[in-house]
Amino acid sequence: MNRRSRLHVPRVPARPGEAPDFSYVDLSPAGAVARPDVNARARDISFLAVELVRVLDDNGEALGPWHPHLDVHELQLGLRHMLLTRVFDDRMQRTQRQGRISFYMRSLGEEAVSVAQAMALRPGDMLFPSYRNQGVNIVRGRPLVDLMCQLLSNTRDMCKGRQLPVMYHWVAGNIFSISGNLATQFPQAVGWAMAAAIKGEDHIAASWIGEGSSAEADFHHALLFASVYQAPVILNVVNNQWAISTFQGFAGGEQRSFAARGPGYGIAGIRVDGNDFLAVYAVTQWAAERARTGAGPTLIELVTYRASAHSTSDDPARYRPKDDFDRWPLGDPIARLKQHLIRLGEWSEQRHLALSAELEELVAANWKEAVTYGMLNEGPRLNPDLMFDDVFKELPPHLQRQREQMRAEIAKKD
Amino acid sequence: MPQMNMIQALNSAMDIMLTRDPSVVLMGEDIGYFGGVFRTTEGLQRKHGEHRVLDTPIAEGGIIAAAIGMGVNGLRPVAEIQFADYIYPGFDQIVSELARLRFRTAGDFFAPVTIRTPCGGGIRGGQTHSQSPEGIFTHVCGVKVAMPSNPYDAKGMLIASIEDDDPVLFFEPKRLYNGPFDGDPNKPAVPWSTHPKGEVPDGYYTVPLGKADIVRPGNDLTIVTYGTMTFVAAAAAAAMGLDAEVIDLRSMVPLDVDTICTSVKKTGRCVVAHEATRFSGFGAELVALIQEECFWNLEAPIQRVAGWDTPYPHAFEWEYFPGQARVTTALKAVMESA
Ligand SMILES: Cc1ncc(C[n+]2csc(CCOP(=O)(O)OP(=O)(O)O)c2C)c(N)n1
């Protein structure tokens, strides 16, 4: 036989018009994966990077050693936060369609990631999110109107009109600024965690990137520094299968799991059902305890599905089957937690409907307030002078001059 | 002649080069099956195959490094960086490697890589989808830097870039993809089909790098510009009734010094305009050069028009953009000086 080198091109399981195919997703039964001691050495627990930690089974029953045994109020709160995230996303998507905001990105189908993880952390822990982690703001109690004002670039925008919609930050809530440049926050979170260790504080850091972004060098910088200094950090790869049109195989997911990059660097890597609120909570709690007790960093791969378009500028019908999410084997995180609560006798369809209606109203009321502070092209506007602030701490002479020139230009136009 | 917008013209250039030269390969994020977020490579993977049009991981440093390796091994890679704002993870590979490979190996190794990337603002992209970083790269010795302002040039210049044995950074002003833009966002969009430079031959042709285009001949003053500002500056001069000679540089490296200086020596007045930030921008190079070469012909200090020296702000896009008002101020200053 004539053997030759060949160029492999990752396979994409299904394209538009084809039947969705998720046979490539390795699943473990709920409750089946062992839960190692939080102080286990990374080299002894590499099975966690291969298996899939799941707690909720298909009937909504919670099983196995990762069951976090949360009290009912926590579960109901988790459901509320996830539902609010979704209602907020839907409403903001609509306002973009109406031309009120310039751009939006939903987290549909991935709500458990941000919500369960933020709930499993402490308020003093520092979060370095990506653009699809709006749920962390919801959990930390950020007023929705604040998020909306950022989306509107209006007079109450915490970014003073400088960032694209969804690029929030929140100093008081310990949520770092979102960058448009992918993956940059990952090694920064490691540095933050190193500083916490240097200062002898027990706060930890957590960061999120998409599996697509894990291709960037910054991902590898993060793992290396986390490993070398055993930094108290949780590094999350949200494997929602798609990076705009690019399937996860092109980020290296075809040959090995993303979690398996952890053991490669000598840090714990763990693969979890990202649509299972209980499993995500439990795994995050485990990783946080490791970090807080000196057992070092953890890389978590959250297996989920980007049910929505990448952003309001994207049309996924061009590159994947339309009914993909309906066939996604890990289901919908909200439906699964709801099913679990109903099974416990602590929730019902009626209560769910009532909650939805309440949250719709909450979002609508916040929107009503937010637009009174202005919209991109209507109502009160930020002073354009602000453009020159914060480039430096103090305005240097050349920017003072340019600001004068801009004022003259505006005066001329009016 | 066929009408094309800039996206179609660029697509046609790549299609032709993939067909003519088996060593040409395309690579980039979302460019293959999907055809690119601006649809510039639409249909090319289907036509030329998955080994010629590669979807890549999201790793600009990796894309450019791999393109260099391919180039060294006889291919002619055309790498797309999805937005110029995302070129920086590849900065070291461009500055330390791509630009200097020929020099440090005394010509024994080289990598004929073209890096295409959409640049510029005016699409509400905020500070990470609006930058014009071309000036940073003109400061690097060993890469050519080009920016077309219309479909005809875009196609011919991209073919010339791909055929060039030196690396080329090819900036595409995305605000011009679908039509010329005079700087007024409130006017209805004008398609390329209404513009003579939207007439683009179907077949192969080149527009050489290093040859500026006199977009409009004139005698009152010279406007030296490129990219989106070509239209903005010409419109501002026309609105003032000035007989301006408008020069579209097309490429900054190499630079067509002759065309610039011949014009300035004729008119005695000059405005330099680009969308990129002002401080240490490419305009500063132009002003220095014109001053050195044309000092005794100048009737007035040369004026510069540029973006403010701040990141591109989402909410203040049109206060930031160097529109007609900013150009007019510069034109007045250069015409009024005795
Ligand atoms: C450095 C850099 N390169 C490219 C882009 C353009 N871009 C924005 S989002 C995106 C896809 C990211 O996908 P993934 O990391 O999987 O996250 P997801 O959107 O699926 O949540 C790309 C390519 C960017 N923002 N930054």
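Residues numbered from 1 in each chain as written. Chains lettered and ligands numbered in written order. Predicted model: local features only at pLDDT ≥ 70, side-chain atom pairs only at ≥ 80, totals over all residues.

**Q** Before we move on, can you summarise the overall build of chain B with the specific residues and values?
**A** Secondary structure summary: chain B contains 12 helices and 12 strands in total. Structurally, chain B occupies a C-alpha span of about 60 × 50 × 40 Å along its principal axes. Each of the 338 residues in chain B was classed as buried or not, and the buried ones make up 60%. Partitioning the intrachain contacts of chain B with sequence separation of at least 6 by distance along the chain shows that 77% fall at a separation of at least 24. (Helix = DSSP H or I, 4+ residues; strand = E, 2+ residues; numbered from the N terminus. Buried ≥ 20, exposed ≤ 12 C-beta atoms within 10 Å, placed from the backbone. Contact = placed C-beta atoms within 7 Å.)

**Q** Hey, could you go over the sheet that holds strand β7 (residues 213–216) of chain B for me, with residue numbers and the actual values?
**A** Residues and elements named next belong to chain B. Here five strands make up an open sheet; going across it, the order is β7-β9-β8-β11-β12 and the pairing mixed. Of all strands in the sheet, those bounded by a partner on one side alone are β7 and β12 (303–307). When strand polarity is set aside, the average angle formed by the axes of neighbouring strands in this sheet is 25°. Bridge analysis of strand β8 (residues 221–225) against strand β11 (residues 270–277) gives four bridges, and the strand direction is parallel. The partner of I223 across the bridge, within β11, is V271. (Pairing = 2+ DSSP bridges. Axes fitted to C-alpha atoms, helices over the stretch in contact; angles between N-to-C directions.)

**Q** Lay out the domain arrangement of chain A in plain terms, naming residues and giving numbers.
**A** We note that the domain assignment places domain 1 (42–310 + 323–382) and domain 2 (387–414) within chain A. Each of domain 1 of chain A and domain 2 of chain A has a C-alpha centre, and these two points are 38 Å apart. (Domains from an automatic or database assignment.)

**Q** Can you tell me about helix α4 (residues 91–98) of chain B, naming the residues and giving the values?
**A** Residue and element names in this part refer to chain B. If you check which residues of α4 are buried, you get Q93, I94 and L98. The buried residues of α4 all sit within an arc of 100° when viewed along its axis, so they share a single face. In this structure, the buried residues of α4 make contact with α3 (60–72) and α5 (101–104). (Arc of directions from axis to C-beta.)

**Q** Explain the packing of helix α5 (residues 185–199) of chain A against helix α6 (residues 217–229) of chain A to me, using residue names and the numbers behind them.
**A** Residue and element names in this part refer to chain A. Closest axis-to-axis distance for the α5/α6 pair is 7 Å, and the angle between their directions is 20°. Between α5 and α6, the angle falls in the class roughly parallel. Handedness of the crossing formed by α5 with α6: left-handed. Contact residues: α5 offers F186, P187, V190 and M194, while α6 offers D218, F219, H221, A222, F225, A226 and Y229. Classifying every residue of the contact of α5 with α6 by side-chain character gives nine nonpolar, one polar and one charged. (Parallel < 35°, antiparallel > 145°, perpendicular 65-115°, else oblique. Left-handed = near helix turned anticlockwise from the far one by under 90°. Nonpolar A, V, L, I, M, F, W, Y, C, P; charged D, E, K, R; others polar.)

**Q** Break down the nonpolar core for me, citing the residues and quoting the values.
**A** Residues V233(A), V272(A), V280(A), V283(A), I223(B), A233(B) and V271(B) are the most contacted members of the largest nonpolar core, which totals 224 residues. The dominant element in this core, judged by the number of residues it contributes, is helix α8 (residues 277–292) of chain A, at 11 residues. With residues near it in sequence (within four places) discarded, I223(B) still touches A233(B), A237(B), A244(B), V246(B), I247(B), V271(B) and A273(B). (Core = buried A, V, L, I, M, F, W, Y, C linked by C-beta atoms within 7 Å.)

**Q** Kindly report on the site of the ligand, identifying the contributing residues and their values.
**A** Close contacts around the ligand come from 22 residues, with G210(A), G212(A), S213(A), A243(A) and Y86(B) the closest. In this structure, the ligand is bordered by residues of chains A and B. Put simply, the parts of the chain that give the shell around the ligand at least two residues each are β2 (205–210) and β4 (242–243) of chain A. (Near = placed C-beta within 6 Å.)

**Q** Now, about the pairing of strand β6 (residues 268–273) of chain A: what can you tell me, with residues and values included?
**A** Residues and elements named next belong to chain A. Among the six residues in β6, six count as buried, and that is most of the element. Two strands pair when backbone bridges link them, and β6 and strand β7 (residues 298–303) are joined in this way by six bridges, in the parallel orientation. Across the sheet, the residue bridging to A268 is T298, located in β7. For the handedness criterion, the β-α-β arrangement of β6, α8 and β7 is classed as right-handed. (Right-handed = clockwise from strand over helix to strand, strands pointing away.)

**Q** So what's going on with the sheet that holds strand β2 (residues 53–55) of chain B? Residues and values would help.
**A** Residue and element names in this part refer to chain B. Spatially, β2-β1-β3-β4-β6-β5-β10 is the arrangement adopted by the seven strands of the open sheet, whose pairing is mixed. Of all strands in the sheet, those bounded by a partner on one side alone are β2 and β10 (251–253). With direction set aside, neighbouring strand axes in the sheet form an average angle of 20°. Where strand β5 (residues 144–146) meets β10, two bridges bridge the pair, whose relative direction is antiparallel. Counterpart to A146 in the pairing with β10 is S251. Where helix α7 (residues 151–163) meets the sheet, it contacts β1 (24–28), β3 (76–80), β4 (114–119), β5 and β6 (168–173), and its direction lies at approximately 160° from that of β6.

**Q** Could you give an account of the interface of chain B and chain A, naming the residues involved and the relevant values?
**A** Listed per partner, the contact involves 32 residues of chain B and 39 residues of chain A. Mapped by element, the contributors of at least two residues to the side of chain B that touches chain A are α11 (317–320) and α12 (324–336) of chain B.

**Q** For the pairing of β2(A), give the residues involved together with the corresponding values.
**A** Residues and elements named next belong to chain A. Taken across its six residues, β2 has six buried, putting it largely inside the fold. Neither face of β2 is open: one carries A205, S207 and I209, the other A206, W208 and G210, and all of them are buried. Bridging between strand β1 (residues 126–128) and β2 involves three bridges; their strand directions are parallel. Residue pairing for β2: M126 is matched across the bridge by A205. In this sheet, strand β3 (residues 233–239) lies alongside β2 in parallel orientation, the contact comprising six bridges. Bridged to W208 within β3 is N236.

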